[in-house]
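# Fold and geometry: a report
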Amino acid sequence: MTVVAGVDFGTLSVRVTLVDSTKGPIGTASAAYPLHRRREDPNYATQSHADQMAALAHATREALKNTGVNGADVAAIALDTTGSSVVPVGEGLEPLDDYYLWCDHRAFAEAEEITRKAHELGFEGIEWCGGVYSHEWGFAKLLHWLRHNPEKRSRFVTALEHCDMAAATLSGVITVDALQRSVCAMGHKWMWNPKWGGLPPESFLVAVDPLLAGVRAKLGGNYQTSDHLAGHLTAKWAEALGLRAGIPIPVGAFDAHWDAIGSNIREGDAVNVVGTSTCIIAMARQAQLVPGVCGVVPGSVHPQYTGIEAGLSAVGDIFDAVAKRAGTTVAALSEGLDAYKAGQTGLLRLSWDNGDRTVLVNPELGGVTLGWNLVHTAQDELFAAIEGTALHTRIILERMAEHGVRIDRVINAGGIPQKNEVLNRIYANVLSKPVLVPAGIPTSLGSGIFALLAAGAYKSIEDAQAAVCLPLRTVEPDAKSAAVYERLYPLYRDVYFALGRRDAAEPPLGRVLPELRRIAAEARQS
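Residues numbered from 1 in each chain as written. Predicted model: local features only at pLDDT ≥ 70, side-chain atom pairs only at ≥ 80, totals over all residues. Heavy atoms only, no water.

### What to know about the environment of glutamate 91
Among the secondary structure elements, glutamate 91 is positioned in the loop between β7 (86–89) and β8 (99–100). Look at glutamate 91 and you get exposed, because its relative accessible area is 67%. Spatially, the C-alpha atom of glutamate 91 lies 43 Å from that of lysine 23, the residues being 68 residues apart in sequence. Excluding residues that lie within four positions of it along the chain, glutamate 91 makes contacts with Arg155 and Val157. (Helix = DSSP H or I, 4+ residues; strand = E, 2+ residues; numbered from the N terminus. Buried < 20%, exposed > 50% of the residue type's maximum accessible area, 1.4 Å probe, protein only. Contact = heavy atoms within 4.5 Å.)

This is how it looks when you write it as C-alpha cells:
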C-alpha cells in the first residue's frame with residue numbers, strides 16, 4: 001500500500017486528495033484563494049502566488065487531518081493547475097507580479113499580432129495551435145505584461161506557467177537552468193514542439209515586437225513530460241504541508257489534462273471537463289493538424305500519446321450568469337428542467353458569453369439567444385444554454401473527427417456533470433452517443449496517478465488507472481430527443497459560422513458582435 005497526495009489548483013480554490021494505491025481516493029480537502037477582478041476592465045483576472053501556496057498548505061494539512069494519515073507516510077505529491085496562468089519572475093524565481101490567470105483576456109491585441117505575424121512569416125507553429133494564437137496563452141500575456149510594466153522589465157528573468165512555478169517553489173528551484181518545464185503547458189500555450197526545435201525562433205518573436213528580444217533564451221530549463229521529476233520536496237515546504245521532506249514531485253500539467261487521466265481516458269475517448277468552462281481532451285498515437293483546435297502536442301496528456309485540447313470559454317459561468325440575472329441560483333432555476341423536452345423552448349443559444357475558444361478562436365464574440373418571445377422565462381434560457389453548450393461541443397468533436405481524431409466514447413468529467421443529470425442527458429442526445437460519467441468527481445485524481453508513478457507504486461498510467469479510477473456509469477441517448485437535435489444542429493451550425501466569422505458571406509453578420517464590444521469598451525473609457 002502506498003499513499004500519495006494529488007493536488008489540483010482551480011480558478012478559485014485548491015483541492016488536495018490523498019490516494020491509496022489499492023483503495024483509490026481516501027479523502028480530500030480544499031482551500032479558497034481570492035480572484036482579483038476589476039469592474040472597469042472585465043478582461044482583468046489575476047491571482048497571488050503567495051495566496052495559492054498558503055491555501056495549498058492549509059488544504060494538505062486538512063486532508064491529512066480528515067483521513068488520519070500521517071504526513072510522514074505520504075510517498076509523493078503531484079500537482080496540476082489552470083493554464084495558461086503566467087507569472088513573470090525575477091532573481092531567485094521570485095514573482096514580479098501576480099499571475100495573469102487563464103481567464104485574463106487583456107492580451108487580445110497581442111494575440112492578434114502574434115497570429116498575424118505567424119501567418120505572414122509562415123511559421124508552422126500557428127497551424128498546430130488551430131491557426132489562431134489565443135489571448136489566453138503565454139506569449140500574448142507575457143508581451144502584454146512587458147508593454148505595460150516598463151519599470152519592471154530590467155528585473156525580468158523568466159516567465160513560468162503556474163504548474164511549473166508551484167513545482168519549482170515546492171522543490172526549492174531558484175534558477176532557470178534547474179527548472180523542469182511542463183511539455184503540456186509549454187506545448188499547448190507557448191507553441192513549443194520538437195518539430196521546429198522547441199520554442200518559436202527568435203527572429204519570429206522579434207518580428208512580433210522587439211520587446212520579445214532575448215525572451216526565447218530566458219524561457220530555458222528542461223522541457224519534460226510528466227513521467228519525469230520536477231524535484232523533491234524541501235524541508236521548508238515539508239513542514240508547511242505536514243509531509244516528509246525529500247518526497248518526489250513529478251513535472252506538472254494542466255488540470256483538464258490530468259482530469260482526463262483521472263477519468264480513465266484511453267485512445268478513442270473525448271473527455272469533456274465541464275466546469276466554469278469546458279476543456280475537451282483527447283489523445284492519439286498518431287495525430288495531424290486540426291484547424292481551429294487549440295493544441296496538438298506530443299506527450300501532453302499521456303507521455304506516450306499526442307494530446308489534443310479544445311474547449312468552450314464559458315459553460316458553468318453562463319449558467320451562473322443566467323441565474324444571477326434572474327435573481328436566483330442555478331440549483332433553484334434547475335428545478336423542473338428534467339420535464340423539458342428537446343427543443344421545446346424555441347430558443348437557440350450560442351455559448352459565446354466569454355468569447356469562442358474553439359473552433360473560431362474569437363474573443364470578440366458575445367452571448368446570443370435567438371427566438372425570444374414575450375413569455376419566455378429565465379428557466380427557458382437556462383435549458384437553451386445547456387443545449388447550446390452541447391451543440392457547440394458537437395461542432396468541436398466533428399471538427400476533430402474530420403481530421404483523424406477517433407471519438408468512440410464521450411466522458412463527462414468535471415464538477416457539473418456530477419450534479420446536473422439534465423446536462424448529461426442533453427449531451428447524450430445532442431451527440432447521439434452514450435455519455436459516460438464518473439461515479440464521483442475525478443478532480444485531482446489524475447495528479448494522484450502521476451504521484452503514484454513517481455512513488456514507484458505502478459509502472460504505467462494504465463496500471464494505476466485500473467487500480468484507482470472511479471467507475472463510469474452510462475447515460476444512453478433517447479432516440480426521439482436525438483432526432484429533434486438532428487434538426488436543431490444544422491441551424492446552430494449555420495448561425496455559429498455565419499455570425500462568428502469575420503469573413504462570413506453576406507449578410508456580414510460577423511461584424512455585429514465585435515462592433516458592440518468596441519462601442520461598450522469606448523463607453524467605459526469615456
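That was the structure; now back to the text.
### Points about the pattern of salt bridges
Scanning the entire structure with this criterion turns up 18 salt bridges. Two residues, aspartate 104 and arginine 106, come together in a salt bridge whose shortest N-O distance is 2.8 Å. Classification of aspartate 104 as buried rests on a relative accessible area of 0%. Here arginine 349 and glutamate 381 are joined by a salt bridge, their closest N and O atoms 3.0 Å apart. On the criterion of sequence distance, the pair formed by arginine 349 in strand β19 (residues 348–350) and glutamate 381 in helix α13 (residues 378–402) is long-range, its members being 32 residues apart. The exposure class of arginine 349 is buried, given its relative accessible area of 4%. (Salt bridge = Lys/Arg side-chain N within 4 Å of Asp/Glu carboxyl O.)

### Section: helix α2 (residues 108–121)
Look at α2: 20 Å from first C-alpha to last across 14 residues, which is about the 20 Å you get at 1.5 Å a residue. Taken as a whole, α2 has its buried residues at Glu110, Ala111, Ile114, Thr115 and Ala118. All buried residues of α2 lie within an arc of 140° about the axis, which places them on one face of the element. Residues of α2 that are exposed and point over 90 degrees away from its buried face: Arg116 and Glu120. (Expected span 1.5 Å × (residues − 1). Arc of directions from axis to C-beta.)

### Regarding the nonpolar core
The biggest cluster of nonpolar side chains holds 96 residues, and the ones touching the most others in it are Tyr133, Phe139, Trp190, Phe319 and Met400. Top contributing element to this core by residue count: α13, with ten residues. The next biggest cluster of nonpolar side chains, apart from the first, holds 34 residues, and it includes Ala253, Trp258, Ile261 and Met283. (Core = buried A, V, L, I, M, F, W, Y, C linked by side-chain atoms within 4.5 Å.)

### Topic: helix α16 (residues 445–455)
The element α16 is largely enclosed, with a buried count of eight among its eleven residues. Listed in full, the buried residues belonging to α16 are Leu445, Gly446, Ser447, Gly448, Ile449, Phe450, Ala451 and Leu452. Positioned one or two residues after α16, glycine 456 has a phi angle of 85°, which is positive.

### Quick notes on the sheet that holds strand β18 (residues 306–312)
Strand order in the open sheet formed by seven strands is β17-β18-β16-β15-β21-β22-β23, with mixed pairing between adjacent strands. At either margin of the open sheet sits one strand with a lone partner, and together these are β17 (295–298) and β23 (472–475). On average, each strand axis in the sheet is tilted by 25° relative to the strand beside it, whichever way the strands run. In this sheet, β18 lies alongside strand β16 (residues 278–284) in antiparallel orientation, the contact comprising seven bridges. (Pairing = 2+ DSSP bridges. Axes fitted to C-alpha atoms, helices over the stretch in contact; angles between N-to-C directions.)

### Section: the pairing of strand β21 (residues 409–413)
Of all the five residues making up β21, five are buried; the element is thus mostly covered by neighbouring parts of the structure. Where burial is concerned, the two faces of β21 agree: the one with Arg409, Ile411 and Ala413 and the one with Val410 and Asn412 are both buried. With two bridges joining them, β21 and strand β22 (residues 435–438) adopt parallel strand pairing. By the bridge assignment, isoleucine 411 is partnered in β22 with leucine 436.

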